[in-house]
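Chain by chain, the residues:
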Amino acid sequence: MTCCLSQLGFSQSSGLIYRSDRYSIYNNRVEQGKFKAVALSGTKMTSNYQSPEAEKYSPTIRFKFSINLRDNEMLSGKDHFVTLQPQDGKFTTNVVFGKQLVDTLAGANNSNLQPNTQWTVRLDMRDIFKSFKEKGYYTLFNGEKLYQADFKGVYIAGGIRPLSWDFNNLGNRPEYQLKDPDGDGIYETTLTMNAKGDEKKTEAQWELTRDISLFPQYKSDFPLSDAIYNMALEEMMKAVEPDSTFRTGKEWGGVWTRDISYSIILAMANLQPKVARYSLMRKVKNGRIIQDTGTGGAYPVSTDRMIWATAAWELYKTTGDRDWLKQAYEIIRNSVNDDINNAYDRATGLVHGESSFLDWREQTYPKWMQPVDIYESENLGTNAVHYHANVILSQMATLLNDSRSAGFYKQQAEKIKAGINKYLWMNEKGYYGQYLYGRNYKSLSPRAEALGEALCVLFNVANDQQKKSVIENVPVTDFGITCIYPQIPGIPPYHNNAIWPFVQSYWALASAKAGNEKSVLASIAAIYRPAAMFLTNKENLVADNGDFAGTQINSSNMLWSISGSLSLIHKIIFGIDFQGDKLVFHPFVPKALAGNRSLNNFKCRKAILNITMQGYGDVIKSFVIDGKPSSPSVSYELKGTHEVNIILANNEFQDLKINKVNNYTSPDVPIASCTGDSLSWPAVNGAINYTVIKNGQPVATTQKTCIKADRANYNEYQVFANDSNQVSSFASESVVLQGNQYKQTLEIEKFAGKASYPYSNYSGEGFVEISKEKNTNIPIQVNIENTGIYTISFRYANGNGPINTQNKCAIRTLKVDNKFAGTIILPQRGSKEWSNWGFSNSIQVKLTRGKHILSISLEPSNENMNGKVNQAMLDLLRIDMLSGR
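Enquirer: Explain the overall build of the protein chain to me, please; I cannot follow it from the model alone.
Expert: A count of helical and extended segments in the protein chain gives 16 helices and 55 strands. By the compact-globule yardstick of 29 Å for 885 residues, the protein chain fits well, its C-alpha radius of gyration being 28 Å. The 885 residues of the protein chain split such that 61% are buried. In the protein chain, of all internal contacts separated by at least 6 residues, the share reaching a separation of at least 24 is 71%. For the protein chain, the exposed area adds up to about 33600 Å²; of that, 46% sits on carbon and sulfur atoms. Computing the positive centroid from 95 side-chain charges and the negative centroid from 86, the protein chain places the two 3 Å apart.

This is how it looks when you write it as structure tokens:
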């Protein structure tokens with residue numbers, strides 16, 4: 001629905017600034033149902049907020065089991081249910097792995113579980129070990145074979161504390177792992193449910209206790225805004241470690257590339273330039289930016305490390321430090337040059353890699369997507385980051401008199417921008433899609449991705465018309481803009497079904513750039529409500545109810561949430577913009593925030609500015625420095641302390657809308673398979689019909705759950721489920737049909753020395769180890785019968801780490817007849833799971849009839865983030881013919 005100020009309930013006389021169906025913001029307080037947060041002054045706030053999660057603890061538990069930290073017991077959405085009815089505070093549940101247990105009690109959810117209930121779970125794993133003994137492996141529900149040597153442990157997951165649906169991190173809590181001390185095949189663990197003292201509460205009062213006078217001092221006619229600003233400054237001081245680097249959050253120590261970078265861009269470049277520089281350099285190794293987190297062994301499955309470039313550029317603009325400019329330029333250039341080889345798609349102009357900051361697979365991707373599929377995807381936010389990194393490189397090169405490089409990187413930037421607007425823009429929706437994904441034929445996910453949408457506006461990927469369209473049309477909910485929209489079913493809140501204040505801040509900045517007053521005001525409200533209610537800057541909150549509890553992981557005193565809050569004042573209200581040659585002011589004050597305000601002790605390189613501002617709007621009526629009228633800018637040559645007075649024209653903003661919606665969840669993903677010439681899938685709950693695509697193009701929309709498939713050529717099928725609102729699921733995993741004449745496989749051990757490791761499940765007579773020392777170049781002779789477009793991939797194993805952490809993705813260069821053809825990515829598939837084989841990404845090449853030499857080699861650009869371990873096992877080479885050309 002369209003939102004306007006009258007609907008928001010704006011009334012200057014009542015002190016009301018913003019109203020939604022769920023909460024109201026006043027000049028000195030926030031009201032949300034029975035909860036109220038009050039700014040008693042600019043240095044003191046109170047709140048009676050208590051998480052609804054603390055009020056009720058259901059005795060009915062939803063849970064399932066995980067082998068090796070994977071969601072691999074039963075189909076997605078199929079879980080065990082048990083109602084705990086403890087006697088003497090104890091209860092025992094017996095479950096057989098893979099067989100759904102539903103043992104519930106009608107009406108039990110109207111009561112609370114007894115505090116400190118001891119719940120013992122006993123899991124029968126005997127069928128698995130029987131299969132290990134008889135076959136050497138156990139076949140999981142999805143057809144994957146689990147070999148006995150790869151069995152590392154079994155864990156319990158669930159949706160109510162202390163349980164978690166974070167499968168990848170179940171190993172971090174000892175009580176999640178079930179043990180079998182007597183070796184009878186019955187594993188068990190005991191959990192304390194509804195533990196006393198585990199209630200979800202926040203502090204009742206915040207009062208400034210630190211000296212924040214060294215930083216810009218903000219005062220206005222709105223005590224709530226003043227108090228939230230001062231609380232953010234105090235929490236910012238707490239976020240600096242003794243070694244003068246940033247701490248990510250109260251619960252998160254250490255320096256993280258994307259966290260510090262997004263924070264530096266928002267506020268920290270100006271507020272704490274030395275800490276910003278120390279932190280940025282902590283994320284550099286061998287003259288390159290570190291990709292410290294991400295799927296499948298980090299880089300290049302994840303490639304959003306390049307946001308470091310924007311942070312480094314912001315730091316240069318703030319300080320004018322030429323030495324930093326030169327140092328940062330070399331680091332960014334080295335990193336981009338590696339990415340050009342490892343991640344740039346020459347066909348689309350886009351960049352491969354995981355969504356920027358959304359690095360928890362199931363939270364934003366369909367479950368069938370393996371790390372290699374995530375690498376193959378081309379995401380909106382990550383591409384916006386790479387576009388801007390190349391723009392920055394071009395600007396840096398110009399400043400350093402390197403005109404040739406300036407032209408080259410500008411050209412790279414334009415290719416990425418063109419790719420984003422060609423492949424990701426959705427005319428029918430008026431905003432960008434989430435990512436291209438799939439195997440050899442890719443589809444666009446039409447979900448909105450909030451951070452990526454905002455970055456496209458801020459970095460000028462979008463033109464002026466697109467900027468307005470994005471801000472007007474991307475769905476936003478009562479509690480703010482969700483990371484993605486619509487939500488994914490069966491996935492608990494974290495990135496899915498969640499709002500992140502730092503993302504909301506980027507959305508606010510983009511809204512101001514697009515001139516959308518309603519969106520700016522709604523964004524400020526969405527940031528101020530949780531800050532006031534929780535009396536801290538939390539990392540995230542649940543989209544459905546705005547609560548901090550219920551997300552999978554959370555922390556107070558989060559650096560990027562703090563930075564985002566401060567950016568509202570500096571970058572939006574006062575419109576302070578550090579440009580390459582001067583400081584420029586572009587104030588943006590919604591009418592609801594009209595009044596007097598000041599920002600004193602603001603540092604502009606060698607000058608200190610004391611700024612006052614009156615009025616509202618985005619047009620400056622008067623700009624005066626030290627009593628003299630001036631253009632709305634400050635020279636970097638200015639030194640000493642100066643008085644700046646800004647009077648706004650009280651202009652009315654263009655009447656632009658926002659797309660206020662209820663939160664929404666899409667249908668689940670179909671699971672497609674093929675028998676004979678029939679492509680079929682089980683019915684999806686809530687779906688009214690299904691769309692089938694073949695080789696990336698729609699071929700049918702049907703209410704049935706099967707269609708006739710074509711086996712004559714190479715055909716790649718996927719299925720979408722559509723609900724009554726024509727909201728679609730993710731695409732199913734690809735089902736490939738092809739005749740034998742269009743494919744061939746070659747055993748790698750015929751072209752290099754066979755490894756002697758005792759691994760299983762390989763084909764042929766063995767497999768080959770590749771590492772930094774062994775088989776750094778393997779030439780493979782192939783014979784092609786027909787000229788055409790072929791895909792080349794490798795079956796491999798990489799047990800050097802889990803799917804979700806560490807940094808040992810193996811990377812190799814593929815050459816055809818000694819010419820670069822592409823980069824082969826061999827991500828981690830599970831810690832010490834060396835009998836877990838899968839396929840690399842596919843490289844498409846044109847091969848003529850006759851003999852060719854394909855080689856897989858380790859090149860200097862193929863360094864991963866580990867530096868020492870760049871290893872995998874290669875089983876076979878697969879060549880599939882897509883089409884004859």
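Now that the structure is up, let's keep going.
Enquirer: How should the packing of aromatic side chains be read in this particular structure?
Expert: Scanning the entire structure with this criterion turns up 48 aromatic pairs. Taken together, a centroid distance of 5.0 Å and an interplanar angle of 75 degrees make the contact between Phe-534 and Phe-548 edge-to-face. Here Phe-534, found in helix 15 (residues 517-534), pairs with Phe-548, found in the loop between strand 29 (541-542) and helix 16 (559-573); they are 14 residues apart in sequence, far enough to count as distant. Their ring planes at 35 degrees and their centres at 4.5 Å tell us that Phe-588 and Phe-653 sit as a pair that is tilted. One end of the pair, Phe-588, is in the loop between strand 31 (582-585) and strand 32 (595-604); the other, Phe-653, is in the loop between strand 37 (640-648) and strand 38 (659-660), and 65 residues separate them in sequence. Judged by relative accessible area, Phe-588 falls into the buried class, the value being 3%. Overall, Phe-653 belongs to the buried group, its relative accessible area being 12%. For the cation-ring pair, Arg-529 lies above Tyr-23, with the distance from its terminal atom to the ring centre recorded as 5.6 Å.

Enquirer: Looking at this structure, I do not really get helix 15. What am I missing?
Expert: Working note: α-helix, 3.6 residues per turn, so residues spaced by three or four point in the same direction. Taking 1.5 Å of rise per residue, the 18 residues of helix 15 would be expected to cover 26 Å, and the 26 Å separating its terminal C-alpha atoms lies within 8% of that figure. Summarising burial for helix 15: 18 of the 18 residues are buried, a large majority. In this structure Asn-516 caps helix 15, since a side-chain oxygen of it lies 3.3 Å from the backbone nitrogen of Lys-518.

Enquirer: What is the right way to read the confidence of the model for the protein chain from this model?
Expert: If pLDDT is low for a region, its predicted coordinates should not be looked at in detail. When the pLDDT values of the protein chain are averaged, the result is 94; 97% of them are 70 or greater. Counting contacts from residues 1-13, a segment whose pLDDT is below 50, to residues more than four positions away or on other chains yields 29 contacts.

Enquirer: For this particular structure, what's the right way to read the sheet that holds strand 13 (residues 154-158)?
Expert: Sheets are built from strands paired through backbone hydrogen bonds, the pairs being either parallel or antiparallel. Here we have five strands laid out as an open sheet, ordered 9-7-6-13-14, and mixed in their pairing. Edge positions in the sheet fall to strand 9 (102-103) and strand 14 (177-178), since each has one partner strand and no second. Here two bridges tie strand 7 (residues 80-83) to strand 9, and the two strands are oriented parallel to one another. Bridging from a neighbouring strand, Val-82 pairs with Asp-103 of strand 9.

Enquirer: Would you explain the side chain of Glu-73 in this entry?
Expert: Here Glu-73 lies in the loop between strand 6 (60-67) and strand 7. As a buried residue without a salt bridge, Glu-73 has its nearest oppositely charged side chain in Lys-64, at a separation of 5.9 Å. Polar side-chain contacts of Glu-73 include one of 2.8 Å to the backbone nitrogen of Phe-65. In terms of polar contacts, Glu-73 uses its side chain to reach the backbone amide nitrogen of Gly-98, at 2.9 Å. For Glu-73, the contacting residues outside a window of four places in its chain are Lys-64, Phe-65, His-80, Val-96, Phe-97, Gly-98, Lys-99 and Phe-141.

Enquirer: Explanation requested: the nonpolar core in the structure shown.
Expert: Here is a general trend for soluble globular proteins: nonpolar side chains tend to be buried in one another's company. Grouped together as the largest cluster of nonpolar side chains are 188 residues, with contacts concentrated most on Met-45, Trp-308, Ile-332, Tyr-432, Tyr-506, Leu-566 and Ile-611. In terms of residue count, the dominant contributor to this core is helix 15 (12 residues). In this structure Tyr-506 touches Tyr-262, Ile-265, Leu-266, Leu-451, Ala-454, Leu-455 and Leu-458, once residues within four positions along its chain are discounted. Core analysis: the second largest hydrophobic core is formed by 37 residues, Phe-151, Ile-156, Leu-170 and Tyr-187 among them.

Enquirer: When you look at the environment of Tyr-636 in this model, what are you seeing that I'm missing?
Expert: Inspection of the secondary structure assignment puts Tyr-636 in the loop between strand 36 (633-635) and strand 37. C-alpha of Tyr-636 to C-alpha of Asp-581: the two residues are 55 residues apart in sequence and 7.0 Å apart in space. Those residues within four positions of Tyr-636 in sequence are excluded, and the remaining contacts are Lys-317, Phe-578, Gln-579, Gly-580, Asp-581, Lys-582, Leu-583, Cys-604 and Arg-605. One polar contact links the side chain of Tyr-636 to the main-chain carbonyl oxygen of Lys-582, over a distance of 3.0 Å.

Enquirer: Can you help me understand the packing of helix 6 (residues 307-319) against helix 7 (residues 322-342) in this one?
Expert: The geometry of a pair of packed helices is captured by two quantities: the angle between their axes and the separation between those axes. At a closest axis distance of 10 Å, the pairing of helix 6 and helix 7 adopts a crossing angle of 170 degrees. Taken together, the axis directions place helix 6 and helix 7 in an arrangement best described as roughly antiparallel. Of the residues in helix 7, those in contact with Trp-308, Ala-309, Ala-312, Trp-313, Leu-315 and Tyr-316 of helix 6 are Arg-322, Trp-324, Leu-325, Ala-328, Ile-331 and Ile-332. Split into classes, the residues belonging to the contact of helix 6 with helix 7 amount to 11 nonpolar, no polar and one charged.

Enquirer: Would you mind showing me how to read the packing of helix 4 (residues 257-271) against helix 6 here?
Expert: In the contact formed by helix 4 and helix 6, the axes pass within 8 Å of each other and the chain directions differ by 20 degrees. For the element pair helix 4 / helix 6, the angle class is roughly parallel. Like other packed secondary-structure pairs, helix 4 and helix 6 cross with a definite hand, here left-handed. Seen from helix 4, the contacting residues are Thr-257, Arg-258, Ser-261, Tyr-262, Ile-264, Ile-265, Ala-269 and Asn-270; seen from helix 6, they are Ile-307, Trp-308, Thr-310, Ala-311, Glu-314, Leu-315 and Thr-318.

Enquirer: Quick question: what am I supposed to make of the environment of Ile-471 here?
Expert: Here Ile-471 is to be found in helix 13 (residues 464-473). Residues Ile-471 and Asn-601 lie 130 residues apart in sequence; the distance between their C-alpha atoms is 33 Å.

Enquirer: Can you help me understand the pairing of strand 37 in this one?
Expert: Moving residue by residue along a regular strand, the side chains alternate between the two faces of the sheet. As paired strands, strand 33 (residues 607-615) and strand 37 are joined by eight bridges and run parallel to one another. Note that in strand 37 the partner of Leu-609 across the bridge is His-642. Where strand 34 (residues 620-625) lies against strand 37, five bridges are found, and the strand directions are antiparallel. Within strand 37, the position partnered with Ile-625 by the bridge is Val-644.

Enquirer: What is the right way to look at the sheet that holds strand 23 (residues 435-438) in this model?
Expert: The three strands lie next to each other as 20-23-24, forming an open sheet whose pairing is antiparallel. Of all the strands in the sheet, just strand 20 (378-379) and strand 24 (442-445) have a single pairing partner and so form its edges. Relative to strand 24, strand 23 runs antiparallel, the two being bridged by four bridges. The partner of Tyr-435 across the bridge, within strand 24, is Ser-445. The sheet contacts of helix 11 (residues 403-424) involve strand 20, strand 23 and strand 24, and relative to strand 23 the element is tilted by about 70 degrees.

Rules and cut-offs
Residues numbered from 1 in each chain as written. Predicted model: local features only at pLDDT ≥ 70, side-chain atom pairs only at ≥ 80, totals over all residues. Heavy atoms only, no water. Helix = DSSP H or I, 4+ residues; strand = E, 2+ residues; numbered from the N terminus. Rg over C-alpha atoms; globule rule 2.2 N^0.38 Å. Buried < 20%, exposed > 50% of the residue type's maximum accessible area, 1.4 Å probe, protein only. Contact = heavy atoms within 4.5 Å. Areas by Shrake-Rupley, 256 points an atom, 1.4 Å probe, with all protein chains shown as cover. Lys, Arg positive; Asp, Glu negative; His and termini not counted. Charge placed at Lys NZ, Arg CZ, Asp CG, Glu CD. Phe/Tyr/Trp six-rings, centres within 6.5 Å; stacked < 30°, edge-to-face > 60°. Lys NZ or Arg CZ within 6 Å of the ring centre and 35° of its normal. Expected span 1.5 Å × (residues − 1). Polar contact = N/O pair within 3.5 Å; in protein donor to acceptor, adjacent residues only side chain to side chain. pLDDT = per-residue confidence, 0-100. Pairing = 2+ DSSP bridges. Salt bridge = Lys/Arg side-chain N within 4 Å of Asp/Glu carboxyl O. Core = buried A, V, L, I, M, F, W, Y, C linked by side-chain atoms within 4.5 Å. Axes fitted to C-alpha atoms, helices over the stretch in contact; angles between N-to-C directions. Parallel < 35°, antiparallel > 145°, perpendicular 65-115°, else oblique. Nonpolar A, V, L, I, M, F, W, Y, C, P; charged D, E, K, R; others polar. Left-handed = near helix turned anticlockwise from the far one by under 90°.

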